[in-house]
Amino acid sequence: MTADDGPAGVPPLHLPRRTRLLLYSAIVLLIGAVVADLVTGPGTTLSPVLAVAPVLAGATTRTARVPLIAGAIAVLVVGLLETTNTDLPTEVHVTALITVLAATLASAANVVLVAARERQLYQVRTVAEAAQRALLRPPAGRIGPLRLAVRYVAAAAEARIGGDLYAVVETRFGVRILLGDVQGHGLPAVETAADVLGVFREAARTEPDLTRVAERLDAALAARSEDGRFTTALLLDVAPDRDTVTIVNCGHPDPLLRRGGRVSDLQPPFPAPPLGLLGLTGDGYPAGRFEPRLGDLLLLHTDGVSEARDAEGRFYPLAERLPCLPAGNPQDLLDALLADVRGWVGEAGLADDAALLALLWEQ
């Protein structure tokens, strides 16, 4: 009852522990009803409750034959109870038999319908995963002394990609990194993310100044006057010698630096608007810099992480939790961080997409 392979194109069915306990309890009650029917004598019957059997079977599978088999067994049990309940009119036994048959056919039809819908959803997810690999290209795990890891979690169950984005590009100017969050959701946000990534990958290789890269991205978004979407973003430039990091913050949550067990946020010299809104201020994008040390870990994230809420509506305390997470491997850190966030939000799940990118300076 924990899993069912189902038809081709449908992933195995895994039932949560609480669901399994409820189903087991229902089966025990059903067996108890049959036993009670056998011992109460020929003048009463509980055989109509056997209609529950194919319904329970249908809840554990994505194959129609399972509720059909359960229904056939239930019909046989109805016949057995009929031989012991001889004082009841025939109409009672016929009613029980029709009830079981109707529940069996309805359960089988429901399983077929659910399996078809899950097959469609599985195909959509497969296409989305292919789109994610094409749009959000996984970076190398190591670039010189720099170790990298990225994670992307879509909040929507039917999606693998949304409006959050990231890119890592090796250029003659250094390693250029982008992490951003497009305003809004759905296909329009994905289209905007694709435009931002395309412009970034070209500008990162041609513009020596990181602020010019940000201005190019802003101009590209401002030109999309049909939707007016903006994007918060962090742009990083890790110098070829890896000794200096330039950061341009375009209205995005500040990156977090973990150094020697302490965490601090790297704030920009002065606030700047998101990409696509620079024309409203008339200013440029400021660039901040810091000099990394061996063992430093820099975490970039979208607000899907920092604004994740628990059952009481409290935001996830990212800066407080980060020092307690595993050190030494960005991959392990991001896995532990996402597990901690999921534990924080509980069954409600993430309300927004989440993207994470971690950099670790090693020998």
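Before reading on, note that the structure itself is shown above.
Since we're looking at a predicted model, the values are computed, not measured.

Each value, and the rule that gives it
- Residues numbered from 1 in each chain as written.
- Predicted model: local features only at pLDDT ≥ 70, side-chain atom pairs only at ≥ 80, totals over all residues.
- Heavy atoms only, no water.
- Helix = DSSP H or I, 4+ residues; strand = E, 2+ residues; numbered from the N terminus.
- Buried < 20%, exposed > 50% of the residue type's maximum accessible area, 1.4 Å probe, protein only.
- Areas by Shrake-Rupley, 256 points an atom, 1.4 Å probe, with all protein chains shown as cover.
- Pairing = 2+ DSSP bridges.
- Axes fitted to C-alpha atoms, helices over the stretch in contact; angles between N-to-C directions.
- Contact = heavy atoms within 4.5 Å.
- Core = buried A, V, L, I, M, F, W, Y, C linked by side-chain atoms within 4.5 Å.
- Polar contact = N/O pair within 3.5 Å; in protein donor to acceptor, adjacent residues only side chain to side chain.
- Phe/Tyr/Trp six-rings, centres within 6.5 Å; stacked < 30°, edge-to-face > 60°.

A look at the overall build of the protein chain
A count of helices and strands for the protein chain gives nine helices and eleven strands. Out of the 363 residues belonging to the protein chain, those deemed buried represent 44%. Summing over all exposed atoms, the protein chain offers an accessible surface of approximately 17,700 Å²; the carbon and sulfur share of this is 58%.

Overview of the sheet that holds strand β5 (residues 231-238)
On the basis of which strands lie adjacent, the open sheet formed by five strands has the order β3-β4-β5-β6-β9 and antiparallel pairing. The open sheet has two free edges, formed respectively by β3 (164-171) and β9 (287-290), since each of these has just one partner strand. Ignoring which end each strand starts from, the neighbouring axes of this sheet average 15° apart. With eight bridges connecting them, strand β4 (residues 174-182) and β5 associate as antiparallel partners. Bridging across to β5, Leu179 finds its partner in Leu234. Sheet strands touched by helix α6 (residues 210-222): β4, β5, β6 (245-250) and β9. Its angle to β5, the strand with the most contacts, is close to 155°.

Things to note about the pairing of β6
Sheet faces and side chains relate simply in a regular strand, where the side chains alternate between the two faces. Burial analysis of β6 places six of its six residues in the buried class, the great majority of the element. Burial of β6 is two-sided: the residues Val245, Ile247 and Asn249 facing one way and the residues Thr246, Val248 and Cys250 facing the other way are all buried. Inspection of the sheet shows β5 paired to β6 by six bridges, in the antiparallel sense. Across the sheet, the residue bridging to Ala233 is Cys250, located in β6. Counting the residues that bridge the hairpin from β5 to β6 gives six residues, and of these Arg242 lies at a positive phi of roughly 65°. Here β6 runs beside β9; their pairing, made up of four bridges, is antiparallel. Bridge assignment links Thr246 to a residue of β9, and that residue is Arg289.

With respect to the sheet that holds strand β7 (residues 256-259)
The strand order β1-β2-β11-β10-β7-β8 describes an open sheet built from six strands, whose pairing is antiparallel. Taken across any chain shown, the strands that pair with only one partner, and hence form the sheet edges, are β1 (142-143) and β8 (262-265). Where β1 and strand β2 (residues 146-153) come together, two bridges link them in antiparallel fashion. Bridge pairing in β2 links Ile143 to Leu146. Most of the contacts of helix α9 (residues 330-345) go to β2, to which it runs at about 30°, and overall it touches β2, β7, β10 (297-301) and β11 (354-361).

Digging into the environment of Ala189
The topology assignment puts Ala189 in helix α5 (residues 186-206). Ala189 gets classed as buried once you look at its relative accessible area, which sits at 0%. Measuring from C-alpha to C-alpha, the distance between Ala189 and Gly163 comes to 4.9 Å, with 26 residues separating the pair along the chain. Setting aside its immediate chain neighbours within four residues, Ala189 contacts Gly163, Val182, Gln183, Gly184 and Arg229.

Considering the nonpolar core
Membership of the largest hydrophobic core comes to 52 residues, with the highest contact counts inside it found for Phe200, Leu235, Leu236, Leu298 and Leu359. Beyond its immediate sequence surroundings of up to four residues, Leu359 is in contact with Leu146, Arg147, Leu148, Ile177, Leu236, Asp296, Leu297 and Leu298. Core analysis: the next-biggest nonpolar cluster, separate from the first, contains 23 residues, Leu322, Leu325, Leu350 and Ala354 among them.

So, the side chain of Asp237
Note on placement: Asp237 falls in strand β5. With a relative accessible area of 9%, Asp237 lands in the buried category. A distance of 2.9 Å separates the side chain of Asp237 from the side chain of Arg176, its partner in a polar contact. Not counting residues up to four positions away in its chain, the partners in contact with Asp237 are Phe173, Gly174, Val175, Arg176, Leu210, Thr244, Val245 and Thr246.

Describing the pairing of β3
For β3, the buried fraction is high: six of the eight residues fall into the buried class. Sheet topology places β3 next to β4; eight bridges connect them, and they run antiparallel. Pairing of Ala167 across the sheet is with Leu178, part of β4. Between the antiparallel neighbours β3 and β4 lie two residues.

Some thoughts on the packing of aromatic side chains
Within the structure shown, the criterion is met by two aromatic pairs. When the centroid spacing of 6.1 Å and the interplanar angle of 80° are considered together, the rings of Phe290 and Trp361 count as edge-to-face. One end of the pair, Phe290, is in strand β9; the other, Trp361, is in strand β11, and 71 residues separate them in sequence. With a centroid separation of 5.9 Å and 80° between ring planes, the pair formed by Tyr316 and Trp344 is classed as edge-to-face. Note that Tyr316 is positioned in the loop between α7 (303-306) and α8 (318-321) and Trp344 in helix α9, a separation of 28 residues in sequence. Of the two residues examined, Tyr316 and Trp344, each falls in the buried class.

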